[in-house]
Amino acid sequence: MEPFALFIAAAIGLSGFSGIKIIKQGDEALVERLGKYTGKKLQPGLNYLIPVMERISVQQTIRERVIDIPPQQCITRDNVSVTVDAVVYWRILDLEKSYYKVENLQAAMINLVLTQIRAEMGQLSLDETFTARNQINELLLQDLDKSTDPWGVKVTRVELRDLIPAKAVMDAMELQMSAERKKRAAILTSEGERESAVNAAKGRADALLLDAEAQQKSVLLGAEAERQQQILKAQGIAAAAGILGKQLEDNPEGKRSIEVLLALGYLEMGTNIGQSPSSKVLFMDPGNVPATMEGIKSILGNPVQS
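Here we summarise the structure given alongside this text.

Cut-offs used in this document
Each chain has its residues counted from 1, running along the sequence as written. In keeping with the model being predicted, local features are shown solely for residues with a pLDDT of at least 70 and side-chain atom pairs are shown and tallied solely at 80 or more, while totals for entire chains, interfaces and linings include all residues. Derived side-chain values reflect all non-hydrogen atoms in the structure, with water molecules and hydrogen atoms excluded from consideration. In this description a helix means any DSSP run of H or I spanning at least four residues, a strand means any run of E spanning at least two, and both kinds are numbered starting from the N terminus. Contact between two residues is taken to exist if any of their heavy atoms lie within 4.5 Å; hydrogens are not considered. One less than the residue count of a helix, multiplied by 1.5 Å, gives the span that helix is expected to have. Relative accessibility thresholds used throughout: buried, under 20% of the residue-type maximum; exposed, over 50%; partly exposed, between the two (1.4 Å probe, protein chains only). Directions from the helix axis toward the C-beta atoms define the arc. Here the rule is simple: two strands pair whenever DSSP picks up at least two bridges between them. Note on geometry: axes are lines fitted to C-alpha atoms, helical ones only across the stretch in contact, with angles between N-to-C directions running from 0 to 180 degrees. A pair of aromatic rings is counted whenever rings of Phe, Tyr or Trp (Trp by its six-membered ring) have centres within 6.5 Å, and the orientation is called stacked for planes under 30 degrees apart, edge-to-face for over 60 and tilted otherwise. Working rule for angles: under 35 degrees goes down as roughly parallel, over 145 as roughly antiparallel, 65 to 115 as roughly perpendicular, anything else as oblique. A clockwise turn of the near helix away from the far one marks a right-handed crossing, whereas an anticlockwise turn of less than a right angle marks a left-handed crossing. A pair is scored as a salt bridge if a Lys or Arg side-chain nitrogen falls within 4 Å of a carboxyl oxygen belonging to Asp or Glu. What makes a nonpolar core is a set of buried Ala, Val, Leu, Ile, Met, Phe, Trp, Tyr and Cys residues whose side-chain atoms join them at distances within 4.5 Å.

Turning to the side chain of Gln116, a few remarks are in order. Inspection of the secondary structure assignment puts Gln116 in helix 3 (residues 105-121). Non-local contacts of Gln116, meaning those with residues more than four positions away in its chain, are made with Leu140, Asp143, Leu144 and Ser147.

Rendered as structure tokens:
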């Protein structure tokens, strides 16, 4: 009986040790008793199970995890085929729900994400899918978080990685972008030419204005000089007339000197008329010169005699 008793004791001891379970930090475990979950959870650290009666049904991490969503074909609102893939960040909040309410949690989440992506992409045009990526991520996050709440799962972030249109669409977009670049280049070139022409015209107008102003100043200066010259000449004539008048009063013979000066002035006038650009030919009979002189003398003689 002693060997049998030792065997029983050893079996009991081994079964007792088999009930010791160690749970790692960041994990949780659910315990079933006789195949039924009674609400017992194992926390990180050392735990004990009743041998034979209790067992760990599931042990999962409650840390945040990532699901890589494979590429899939989606149709946009304007009937354009687009290949989309994404990543989903999630974590388990309630291990009991995630294990007992869905058979394969990760597969269910992948299919749910694929369905939601198709639905969201079908509501947008192709251009909107490129410009509203953050909006799409936010909508997917709200829908997925709400849909996975019964599974005890919290979706923390959804990111669309690649949006790749079909090759025909890519070629058409490339042609459109090339045409747009050429259009912008032509516009910039025409604007440059227009600005150059405007600057050249302004330069010519400024040059003409400066030239006109210079000519105007030159004319004004010439007129002013001529006026000053006329004033000085008139002043000289007045002074000379005064001197001559004085001489006529003091010297009766000065009358002849006046006659000579007038004759010389008449001849000088004819010379000036001949040198003028707009001059006319002046014909004078040499025989009439003495008569002309006598007429001048008579004019000058009358005031003296009076």
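Next comes the rest of the description.
What follows covers helix 5 (residues 133-148). Its 16 residues place the ends of helix 5 22 Å apart at the C-alpha level, agreeing with the 22 Å of an ideal helix rising 1.5 Å per residue. Along helix 5, the residues classified as buried are Ile136, Asn137, Leu140, Leu141, Leu144 and Thr148. The buried residues of helix 5 all sit within an arc of 135 degrees when viewed along its axis, so they share a single face. What points out from helix 5, more than 90 degrees from its buried face, is the exposed set Gln135 and Lys146. Packing partners of the buried residues in helix 5 comprise helix 3, helix 4 (126-131) and strand 8 (153-165).

Here we come to the pairing of strand 6 (residues 65-75). Where strand 6 lies against strand 7 (residues 81-92), nine bridges are found, and the strand directions are antiparallel. Among the inter-strand pairings, Asp68 is bridged to a residue of strand 7, identified as Val87.

If you walk across this open sheet you meet the three strands as 3-2-5, and the pairing is antiparallel. This sheet does not close on itself; its edge strands, each paired only once, are strand 3 (36-42) and strand 5 (54-61). Each neighbouring strand pair of the sheet contributes to a mean axis angle of 30 degrees, computed without reference to strand direction. Relative to strand 3, strand 2 (residues 27-33) runs antiparallel, the two sharing four bridges. Bridged to Arg33 within strand 3 is Lys36.

Attention shifts here to the packing of aromatic side chains. Evaluation of the coordinates by the stated rule reveals two aromatic pairs. Relative to Tyr100, the ring of Tyr37 has its centre 5.4 Å away and its plane inclined at 35 degrees; by these criteria the two rings are tilted. In this pair, Tyr37 is assigned in strand 3 and Tyr100 in helix 2 (residues 95-100), connecting sequence segments 63 residues apart. The exposure class of Tyr100 is partly exposed, given its relative accessible area of 36%.

To continue, consider the packing of helix 3 against helix 5. Packed helix pairs are characterised by how far apart their axes lie and by the angle those axes make with each other. Relative orientation of the contacting elements helix 3 and helix 5 amounts to 140 degrees, with a least axis distance of 10 Å. One element, helix 3, and the other, helix 5, form an angle in the oblique class. For the element pair helix 3 and helix 5, the recorded crossing hand is right-handed. The residues of helix 5 that touch helix 3, namely those facing Met109, Leu112, Val113, Gln116, Ile117, Glu120 and Met121, are Ile136, Leu139, Leu140, Asp143, Leu144, Ser147 and Thr148.

Backbone-to-backbone hydrogen bonds join strands into a sheet, with any given pair of strands oriented parallel or antiparallel. Reading across from one edge, 6-7-8 is the order of the three strands in this open sheet, with antiparallel pairing throughout. The outermost strands of the open sheet, each flanked by one partner alone, are strand 6 and strand 8. Averaged over all pairs of adjacent strands, the angle between strand axes in this sheet comes to 20 degrees, irrespective of strand direction. Here eleven bridges tie strand 7 to strand 8, and the two strands are oriented antiparallel to one another. Note on strand 8: the bridge partner recorded for Ala86 is Leu160. The strands touched by helix 3 are strand 6, strand 7 and strand 8; relative to strand 6, the strand with the most contacts, the crossing angle is about 40 degrees.

What follows concerns the pattern of salt bridges. A complete count under the given rule lists eight salt bridges for this structure. Here Lys40 makes a salt bridge to Glu54, at a shortest N to O gap of 3.1 Å. On the criterion of sequence distance, the pair formed by Lys40 in strand 3 and Glu54 in strand 5 is long-range, its members being 14 residues apart. The residue Glu128 makes a salt bridge to Arg77 at a minimum N-O spacing of 3.5 Å. Residue Glu128 is found in helix 4, and its partner Arg77 is found in the loop between strand 6 and strand 7; the two are separated by 51 residues along the sequence. When its relative accessible area of 49% is taken as the criterion, Arg77 is described as partly exposed.

Another aspect to go through is the nonpolar core. Ranked by internal contacts, the top residues of the largest apolar core, which has 35 residues, are Val84, Leu105, Met109, Ile117, Met121 and Trp151. Of all the secondary-structure elements, those providing two or more residues to this core are strand 6, strand 7, helix 3, helix 5 and strand 8. Take this core: its biggest share by element is eight residues, from helix 3. In this structure Met109 touches Ile67, Trp90, Thr148, Trp151, Val153 and Val155, once residues within four positions along its chain are discounted. By size, the runner-up hydrophobic cluster in this structure holds five residues, among which are Ile23, Val31, Leu42 and Leu49.

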